[in-house]
Amino acid sequence: GGGVFFERENQSLMNVDDVKRELGAARLLEIEAIFKEYDTDNSKTITPDELRAILVRIDERATPERVEEIMASADLNADGVVDWNEFLMMVYSSEKAGHETSFAKVYRKVKATVVRGVGDAQHSYTEEERVSFSEHINHVLGGDDDCAPYLPLDPHSEDLFTKLGDGVLLCKLINDSKPNAIDERALCVRQDMSIFHKKQNLNLAINSATAIGCQVVNVQPEAIMEGRPHIILGL
């Protein structure tokens, strides 16, 4: 009833600022880019017609009843559209709390995250890529004691992008690909390492990746520390 909507709406409004702080600027930009995939008229809301167009695009059933049901699962204030805050709360609830609504299921299926790169270029990756890379890292580095604080990566979260930011996993991956490419005595593995040591590790990874034949162009340690997906997946 109305009380439930009022409670859900206020919970959303109370928590959205905390959610934004927790996700961070880089992740918010990625989610906003996905939101714009839906919001084709730039109205800052997703309408039933825009959702229907997305469903058609991914070959999902797009009957009026289906559209109404999906919209209602994310439209917390029942105003007939899904605004940015509602979209953000839907994504957060799905990814962090495991609460997957009908809208979240569609979001997950069509997800191709667009991020900004060098020269403001657009780059995309699919959830399948993220899952595949995460599972590979878990498999090949799972027995390494230095990697224990980082693993296992949750393939359905942002672990792949946030836990590679100090260079330890990247350097270990390079040595898995080409043994002894990196002298691990030069690698800082402290959990409380400074930004200086993180950059030192990342420069070691970038230079070593170049030395073993990887195509590394315009990659800076800061971009990896910020968790930019297209940079990390490129490495």
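Engineer: Can you help me understand unusual backbone geometry in this one?
Structural biologist: A negative phi angle is the norm for most residues apart from glycine, just as the trans form is the norm for most peptide bonds. Put simply, Leu-151 and Pro-152 share a cis peptide bond, and its omega is 0 degrees. Within the fold, Pro-152 resides in the loop between helix H6 (127–141) and helix H7 (159–162). The phi dihedral of Lys-44 is positive, around 70 degrees, even though this residue is not glycine. Tracing the backbone shows Lys-44 in the loop between helix H1 (2–38) and strand E1 (45–46). Non-glycine residue Ala-78 carries a positive phi angle of around 55 degrees.

Engineer: I tried to follow the nonpolar core on my own but got confused; where do I start?
Structural biologist: Taken as a class, soluble globular proteins show a tendency for nonpolar side chains to be buried jointly. Ile-137, Leu-141, Leu-151, Leu-160, Leu-164, Leu-169 and Ile-224 are the most contacted members of the largest nonpolar core, which has 30 residues in total. When residues of this core are traced back to their parent elements, those giving at least two are H6, H7, helix H8 (168–177), helix H9 (195–211), helix H10 (221–225) and helix H11 (229–234). Residue contributions to this core peak at six residues, all from H8. Formed by 28 residues, the second largest nonpolar core is a distinct cluster that contains Tyr-38, Ile-46, Val-82 and Phe-103.

Engineer: Explanation requested: the environment of Asp-176 in the structure shown.
Structural biologist: Tracing the backbone shows Asp-176 in helix H8. Expressed as a C-alpha distance, the spacing of Asp-176 and Leu-141, which sit 35 residues apart in the sequence, is 8.1 Å.

Engineer: What am I meant to see in the packing of helix H2 (residues 48–57) against helix H3 (residues 64–74) here?
Structural biologist: With their axes 10 Å apart at the nearest point, H2 and H3 run at an angle of 110 degrees to one another. The angle between H2 and H3 places the two elements in the roughly perpendicular class. Of the two possible hands of crossing, H2 and H3 adopt the one that is right-handed. Contacts between H2 and H3 involve Pro-48, Leu-51, Arg-52 and Leu-55 on the former and, on the latter, Arg-66, Val-67, Ile-70 and Met-71.

Engineer: Sorry, what's going on with helix H4 (residues 84–96) here?
Structural biologist: Quick reminder: α-helices carry 3.6 residues per turn. Residues three or four places apart thus point the same way. Taking 1.5 Å per residue, 13 residues should reach 18 Å; H4 reaches 18 Å between its end C-alpha atoms and fits that length. Restricting attention to buried positions, one finds in H4 the residues Glu-86, Phe-87, Leu-88, Met-89, Met-90, Val-91, Tyr-92, Ser-94 and Glu-95. One side-chain oxygen at the N-terminal end of H4 lies 3.2 Å from the backbone nitrogen of Asn-85; it belongs to Asp-83.

Engineer: Honestly, the side chain of Asp-39 in this entry has me stumped. Any pointers?
Structural biologist: Here Asp-39 is to be found in the loop between H1 and E1. For the buried residue Asp-39, which engages in no salt bridge, the nearest side chain bearing the opposite charge is Lys-44, 5.9 Å off. There is a polar contact of 3.0 Å between the side chain of Asp-39 and the backbone nitrogen of Ser-43. In this structure, Asp-39 is in contact with Lys-44, Thr-45 and Glu-50, ignoring residues within four places of it in sequence.

Engineer: Looking at this structure, how should I read the environment of Asp-83?
Structural biologist: Note on placement: Asp-83 falls in strand E2 (residues 82–83). Distance in space between the C-alpha atoms of Asp-83 and Thr-45 is 4.3 Å, their sequence separation being 38 residues. If we skip the residues at most four places from it in the chain, Asp-83 touches Phe-35, Lys-44, Thr-45 and Asn-77. Here the side chain of Asp-83 touches Glu-86 through a polar contact of 2.8 Å, landing on its backbone nitrogen.

Conventions used here
Residues numbered from 1 in each chain as written. Predicted model: local features only at pLDDT ≥ 70, side-chain atom pairs only at ≥ 80, totals over all residues. Heavy atoms only, no water. Helix = DSSP H or I, 4+ residues; strand = E, 2+ residues; numbered from the N terminus. Core = buried A, V, L, I, M, F, W, Y, C linked by side-chain atoms within 4.5 Å. Buried < 20%, exposed > 50% of the residue type's maximum accessible area, 1.4 Å probe, protein only. Axes fitted to C-alpha atoms, helices over the stretch in contact; angles between N-to-C directions. Parallel < 35°, antiparallel > 145°, perpendicular 65-115°, else oblique. Left-handed = near helix turned anticlockwise from the far one by under 90°. Contact = heavy atoms within 4.5 Å. Expected span 1.5 Å × (residues − 1). Polar contact = N/O pair within 3.5 Å; in protein donor to acceptor, adjacent residues only side chain to side chain. Lys, Arg positive; Asp, Glu negative; His and termini not counted. Salt bridge = Lys/Arg side-chain N within 4 Å of Asp/Glu carboxyl O.

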